[in-house]
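Report on the structure
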Amino acid sequence: MAVKTDQRGNSRVIFERGIPAQMMGIDGTWRRECTMEDVSESGAKLTIDGSVEGLHLKEFFLVLSSTGLAYRRCELAWVNGDQIGVNFLKPGDKKKKARSTSVGA
């Protein structure tokens, strides 16, 4: 395990072998095994097992425990082959975005 600082100034923990996890649709209609390669306070890099074609990746859960008690709500940041970058959403993020876009209209 190594710690580096990313372009945004966040400390990023890089896992030597990755951490097994699962991605799950917000509505619970799909799941995919994945490996968390690195993580920071604001997001993570994941390697996905299998195809992401047809999945709604705009917003989903990253499940970090077999019981489902440890999870983060995520939004897709980037895709590069079988790897994706995700931003972690905090409670209230969607409401703030909706308000800020309607103010400028």
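Going by the annotation in an unreviewed UniProt entry, the name recorded for the protein chain is PilZ domain-containing protein, with Bradyrhizobium commune given as the source organism.

Notes on the environment of Gly28
Here Gly28 shows up in the loop between strand S2 (11-25) and strand S3 (31-40). Take Gly28: its relative accessible area is 47%, and that puts it in the partly exposed class. As for Gly28 and Phe61, which are separated by 33 residues in sequence, their C-alpha atoms are 9.1 Å apart.

Thoughts on the packing of aromatic side chains
What the rule picks out here adds up to two aromatic pairs. When the ring of Trp30 is compared with that of Phe60, the centres are 6.3 Å apart and the planes differ by 50°; the resulting orientation is tilted. With Trp30 in the loop between S2 and S3 and Phe60 in strand S5 (residues 59-63), the pair connects residues that are 30 residues apart, well separated along the chain. Just as Trp30 is buried, Phe60 falls in that class too. Ring geometry for Phe61 and Tyr71: centres 5.4 Å apart, planes at 90°, overall edge-to-face.

Rules used in this analysis
Residues numbered from 1 in each chain as written. Predicted model: local features only at pLDDT ≥ 70, side-chain atom pairs only at ≥ 80, totals over all residues. Heavy atoms only, no water. Helix = DSSP H or I, 4+ residues; strand = E, 2+ residues; numbered from the N terminus. Buried < 20%, exposed > 50% of the residue type's maximum accessible area, 1.4 Å probe, protein only. Phe/Tyr/Trp six-rings, centres within 6.5 Å; stacked < 30°, edge-to-face > 60°.

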